[in-house]
Amino acid sequence: MNIIEIKDLSFSYQDEVDALSNVTLSVKKGEWVSVLGHNGSGKSTLSKLIIGLLKADSGEIKVDGVILNEESVHDIRRKIGIVFQNPDNQFVGVTVEDDIAFGMENLCFEQSDIVDKIKEYAEKVSMSEYLKKEPHALSGGQKQRVAIAGILAMKTDIIIFDEATSMLDPKGRESIMNYIKEINKAGVTVITITHDMKEAVLSDRIIILKEGRVIACGDTNDILNDKETLNSSNLELLLPLKLQYLLDEANLSNDKVKDILWQLSLNK
Amino acid sequence: MAIKFEQVNFEYPSFDGTNFSALKDINLEIAEKGEFITLIGETGSGKSTLVQHMNALIRPTTGSVTIYGIKIEKDTKKKGKVKLNPLRQRVGLVFQFPEYQLFEETVLKDIIFGPKNFGVKESVAIERAKQVIKHVGLDEEYLKRSPFNLSGGEKKRVSIAGILAMEPDILVLDEPTSGLDPKGRDDLLKLFMGIHNDLNKTVIIITHDMNTVYKYASRVLVMNEGHLVYDGLPQELFSKENIKSWNLDIPDIITITRQLEDKLDVNFDSQPHTIQELFELVKEVI
Amino acid sequence: MKNIIIGQYLPGTSFLYKMDPRSKIIALMILMISTFILKDVTHILIMLGVVLLILKIGGIPIVRIARGLKPIMILLLFTFTFQIIFIKTGNLIFDTELTLTVFTLPLMIFIILFWYLTRRYIKFKFLYLLITAFGILTMLSLYTPGSVLSSSTLEVYGDGLSGAFFIMVRLIIIVTLSTILTLTTKPTDLNLGLEKILKPLSIIRINAEEIAMIISIALRYIPTLLDEANKIMLAQASRGVDFTEGKFKDKVMQIISLLVPMFIISFKRSDDLANAMEARSFVPGKRRTRLHTLSWHNLDTTVIVFCIFIFISAITVRVMF
Ligand SMILES: Nc1ncnc2c1ncn2[C@@H]1O[C@H](COP(=O)(O)OP(=O)(O)O)[C@@H](O)[C@H]1O
Ligand SMILES: Nc1ncnc2c1ncn2[C@@H]1O[C@H](COP(=O)(O)OP(=O)(O)O)[C@@H](O)[C@H]1O
Ligand SMILES: [Mg+2]
Ligand SMILES: [Mg+2]
């Protein structure tokens, strides 16, 4: 079942060139989809359109069977959480617990419920010791974890990560990627936005954007086999794949090596 | 020696009196020419604090930094004899976010702002701007545009051009490639290599990307909790055991080489640097 | 910017910390009004005693209060001098002839210059100022060689002295009371308390919750903004901006080079923040539940009753005496 369906979506900022043109795609319930694309390819624009922070020029977005419009936007936002790129600019609360509580307060959860959920989800992202801390005492990775806890507590069906790891150091990045894996395993539909192929191969499906258009969309395996598209996407090929291409060109490849390189590409 | 750190400690003052020690006993020398240095370490390890000592933006709490023969200590400014501006012209520092420095109406005005502050005549500065804008890979036509209507990558280039126009001897960049896509990153790194090779300047960049370190650096500095824990060749760094405890990644090419050795049950003679080199090695064994 | 604290919250456990911020704000207001009602030196001294008692029981070090008084030292001194010089009623307590002569004039100028140049090296600046001023006055009244240039009489009357003293004590009480509030209440609690107290204003269409939200976001972002301003300053200093030097024209440019990035970054930040808030289902003006709720205890009632008692006593003494 498709939890998100997008048809012919176009959008432009102040009459400039289209940031997105005729985007059509769908996301199945419970799957993990990556949206890959270079800087400025329209990834963030797409995510803002999906949660109704921007209004499309044309086209249609359906979330869980409901068409996104002015009436439905608040209900749809209850179903989708989003973790943004800049850890500092999305920390609303004065302390960690205030920030985790923010979404629940907006959804009018009972106070006692909020208190319990803060404990539960801070635990999930290993931030229990920091509940009373203020944001400037936290690292970028910790702030992103707080954002994740806040969204998990709202129990949304879908979580979008818009380059949520791009401002972090390797350690912070790894920990966030691990939480994403876990969240998806627990049944939440996950959309990760990235320009890092190494992160994208972890997902079930990949959608590649280039200059506001979808240039590829398919299972991760199929996308990795699509040499032409990958080469034209301005993205960095994975090393094992590059090696495979070199071996192919020299007619040297055999099934065993091919299989090994394939496994390495998928980061397994 | 262009820059020399001797027993440098630095503490950030804080409100409640418990000062935070960001640099601990740093000893370090940086040559004026010919070095391409990467500075790495996890967030909060003191990288930015370290580079801000290199052009006397901040002064050591104890110890000294000598920049082109001028010794900077805790009370250097109070004595008021030392002029810091000439040092800042010679050691150009580019901050992480171009938004911190861009403020003029046009790219041209923004680029000549630095040189003019150092007493360069406007006409000369404009000539320099025309040079450096091409150097950073942008068209001369960009000089007329507003710096605020550019893309992230373009802003970054303009901010670098603004420092290059000061004609520094050493160029220091704080996380210049973070957040950029692979193409944007590679373009910038090629630009830095160009500056390093053509003008023979020492370039220092802070980064979290180990592939960059392995591919480009002639020397790597590792910071960990305020200590300078490694100063040497990248090749040796990644064969060290403690690398995990410093929270660093391993470059992709090393990872895949090791995995291939493991899976194919072979031992390559050397550690390849590029995919081409790895290909040559793999060719031999299949 | 690890440890920057907005306000001056001083962690502690005394009864002042256990009180509800609402009752603290109300108590503060009652005590302040009571202080203004009093018109007699003896009564205001009793009030000062009460305040000192609160400090004592509340376990707040006097040093912290003194620190809070520091910024208003000049104001205190000014009112004191003003009162002494201009109030000429009551009995004459003290008078002296101040004489300016050809010798003492240059001497006086020299002392003032000396004070001006040396004061930055002296730790107790305020004391130094007082001593210098007193020294000059003593010299003018006692040391009168040479031909007289001008002379006048300094007269101090009883009312002037007691009036000056009275106003000073009143100012000290007021500042101490508000310092107690900020020392023992976290900014967030203070904000929440204010929100609840202002709630009745919704009748005149002032939305206390929105004001509270704005204050809490300001509290959250002020350290970030300070940090940012510092980094921008360093970034521009790297381009040769020397904020300590330069002609007026340069100065203007330097300030612009600081302000423009500040504004641009803040706009971007507030844009991002608005998006993040909306994405988490925030709708301005809509009802929300709150994590922190305030609870009123017996302690709060006791304190308020005590304050009301003080208030009634103040009215009584004012009317009776
Ligand atoms: N607020 C805005 N105003 C005008 N143009 C914008 C704005 N935000 C993004 N753009 C433009 O829209 C395009 C897509 O941007 P974005 O969706 O942010 O890309 P991505 O997230 O893939 O890097 C870019 O060309 C960008 O310059
Ligand atoms: N202006 C400041 N005030 C107080 N502490 C600071 C300030 N700037 C940085 N710090 C602290 O000093 C340490 C080193 O910071 P920094 O040099 O920025 O690290 P890096 O660049 O490696 O991430 C960090 O723990 C940081 O929190
Ligand atoms: Mg984006
Ligand atoms: Mg840094």
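Scroll up a little and you will see the structure.
So, how was this worked out
- Residues numbered from 1 in each chain as written.
- Chains lettered and ligands numbered in written order.
- Predicted model: local features only at pLDDT ≥ 70, side-chain atom pairs only at ≥ 80, totals over all residues.
- Heavy atoms only, no water.
- Helix = DSSP H or I, 4+ residues; strand = E, 2+ residues; numbered from the N terminus.
- Rg over C-alpha atoms; globule rule 2.2 N^0.38 Å.
- Buried < 20%, exposed > 50% of the residue type's maximum accessible area, 1.4 Å probe, protein only.
- Contact = heavy atoms within 4.5 Å.
- Areas by Shrake-Rupley, 256 points an atom, 1.4 Å probe, with all protein chains shown as cover.
- Lys, Arg positive; Asp, Glu negative; His and termini not counted.
- Charge placed at Lys NZ, Arg CZ, Asp CG, Glu CD.
- Near = heavy atom within 4 Å.
- Polar contact = N/O pair within 3.5 Å; in protein donor to acceptor, adjacent residues only side chain to side chain.
- Nonpolar A, V, L, I, M, F, W, Y, C, P; charged D, E, K, R; others polar.
- Core = buried A, V, L, I, M, F, W, Y, C linked by side-chain atoms within 4.5 Å.
- Pairing = 2+ DSSP bridges.
- Axes fitted to C-alpha atoms, helices over the stretch in contact; angles between N-to-C directions.
- Salt bridge = Lys/Arg side-chain N within 4 Å of Asp/Glu carboxyl O.
- Phe/Tyr/Trp six-rings, centres within 6.5 Å; stacked < 30°, edge-to-face > 60°.
- Parallel < 35°, antiparallel > 145°, perpendicular 65-115°, else oblique.
- Left-handed = near helix turned anticlockwise from the far one by under 90°.

### Structural notes on the overall build of chain C
Secondary structure summary: chain C contains 12 helices and 2 strands in total. The C-alpha radius of gyration computed for chain C amounts to 27 Å, which surpasses the reference 20 Å derived for 321 residues by more than 25%, pointing to a less compact arrangement than a globule. Summarising its shape, the C-alpha atoms of chain C cover approximately 85 × 65 × 35 Å along the three principal directions. Across the 321 residues of chain C, 38% fall into the buried class. Intrachain contacts of chain C at a sequence separation of at least 6 include 85% that bridge at least 24 residues. Surface summary for chain C: the accessible area is close to 18,500 Å², and the carbon and sulfur share equals 73%. The averaged location of the 19 negative side-chain charges in chain C is 6 Å from the averaged location of its 33 positive side-chain charges.

### Details of the site of ligand 1
Residues and elements named next belong to chain A. Taken together, Tyr13, Ala19, His38, Asn39, Gly40, Ser41, Gly42, Lys43, Ser44 and Thr45 form the complete shell of residues around ligand 1. Within the backbone of serine 41, an N or O atom sits 3.2 Å from an oxygen atom of ligand 1. The protein chains hide 60% of the 560 Å² of surface that ligand 1 would expose on its own. Of the residues that constitute the shell around ligand 1, the class distribution is 2 nonpolar, 7 polar and 1 charged.

### A look at the nonpolar core
Formed by 42 residues in total, the largest nonpolar core has its most connected members in Ile3, Phe5, Leu50, Met54, Ile67 and Ile170 of chain B. Apart from residues no more than four positions distant in its own chain, isoleucine 170 of chain B is found in contact with Ala2, Ile3, Ile30, Ala31, Glu32, Tyr68, Arg90, Val91, Gly92, Thr202 and Ile204 of chain B. Ranked by size, the runner-up nonpolar core spans 37 residues in total, among them Ala147, Met154 and Ile159 of chain A together with Leu291 of chain C.

### A short note on the sheet that holds strand S10 (residues 227-232) of chain B
All names here are of chain B. Taken in spatial order, the 6 strands line up as S6-S7-S8-S3-S9-S10 in an open sheet, and their pairing is mixed. Looking at strand neighbours, the two that pair on one side only are strand S6 (91-94) and S10, the edges of this open sheet. Geometrically, the sheet is characterised by an average inter-axis angle of 15° between neighbouring strands, direction not taken into account. Bridge count for strand S3 (residues 36-40) against strand S8 (residues 202-206) is 4 bridges, and the pairing is parallel. Bridging across to S8, leucine 39 finds its partner in isoleucine 206. Where helix H6 (residues 152-164) meets the sheet, it contacts S6 and strand S7 (170-173), and its direction lies at approximately 165° from that of S6. Relative to S8, helix H7 (residues 182-198) is tilted by about 155°, and along the sheet it contacts S3, S7 and S8.

### A word on the interface of chain A and chain C
Frequently, the measure chosen for interface size is the accessible area that the parts lose on association. Chain A puts 37 residues into the contact, and the matching count from chain C is 30 residues. There are 4 salt bridges connecting chain A and chain C. Counting across the interface, chain A meets chain C through 19 residue pairs in polar contact (both at pLDDT 80 or more). Elements with a contribution of two residues or more to the side of chain A that touches chain C: helix H2 (73-79), strand S6 (80-83), helix H3 (96-106) and helix H4 (111-124) of chain A. In terms of residues, the side of chain A that touches chain C owes the most to one element, H3 of chain A, which gives 9 residues.

### Section: the packing of aromatic side chains
All names here are of chain B. With the rule as written, the count across this model stands at 10 aromatic pairs over all chains. Aromatic side chains phenylalanine 103 and phenylalanine 113 sit 4.8 Å apart centroid to centroid with 80° between the ring planes, which places their arrangement in the edge-to-face category. Separated by 10 residues along the polypeptide, phenylalanine 103 in the loop between S6 and helix H4 (107-117) and phenylalanine 113 in helix H4 bring together distant segments of the chain. Of the two residues, phenylalanine 103 and phenylalanine 113, both sit in the buried class. Aromatic side chains tyrosine 214 and phenylalanine 238 sit 5.9 Å apart centroid to centroid with 75° between the ring planes, which places their arrangement in the edge-to-face category.

### Quick notes on helix H10 (residues 239-249) of chain A
Summarising burial for H10 of chain A: 8 of the 11 residues are buried, a large majority. Along H10 of chain A, the residues that are buried comprise Leu239, Pro240, Leu241, Leu243, Gln244, Tyr245, Leu246 and Leu247 of chain A. Contact partners of the buried residues in H10 of chain A: helix H8 (220-225), helix H9 (227-232) and helix H11 (255-265) of chain A together with helix H10 (252-264) and helix H11 (275-285) of chain B. Among the residues trailing H10 of chain A, asparagine 251 of chain A stands out with phi positive, at a value near 55°.

### Some points on the packing of H3 of chain A against H4 of chain A
All names here are of chain A. Contact geometry of H3 with H4 gives a least axis separation of 10 Å together with a crossing angle of 125°. The angle between H3 and H4 falls in the class oblique. Note on packing geometry: the crossing formed by H3 with H4 is right-handed. Facing Glu97, Ile100, Ala101, Met104 and Glu105 of H3, the residues of H4 in contact are Ile114, Lys117, Ile118 and Ala122.

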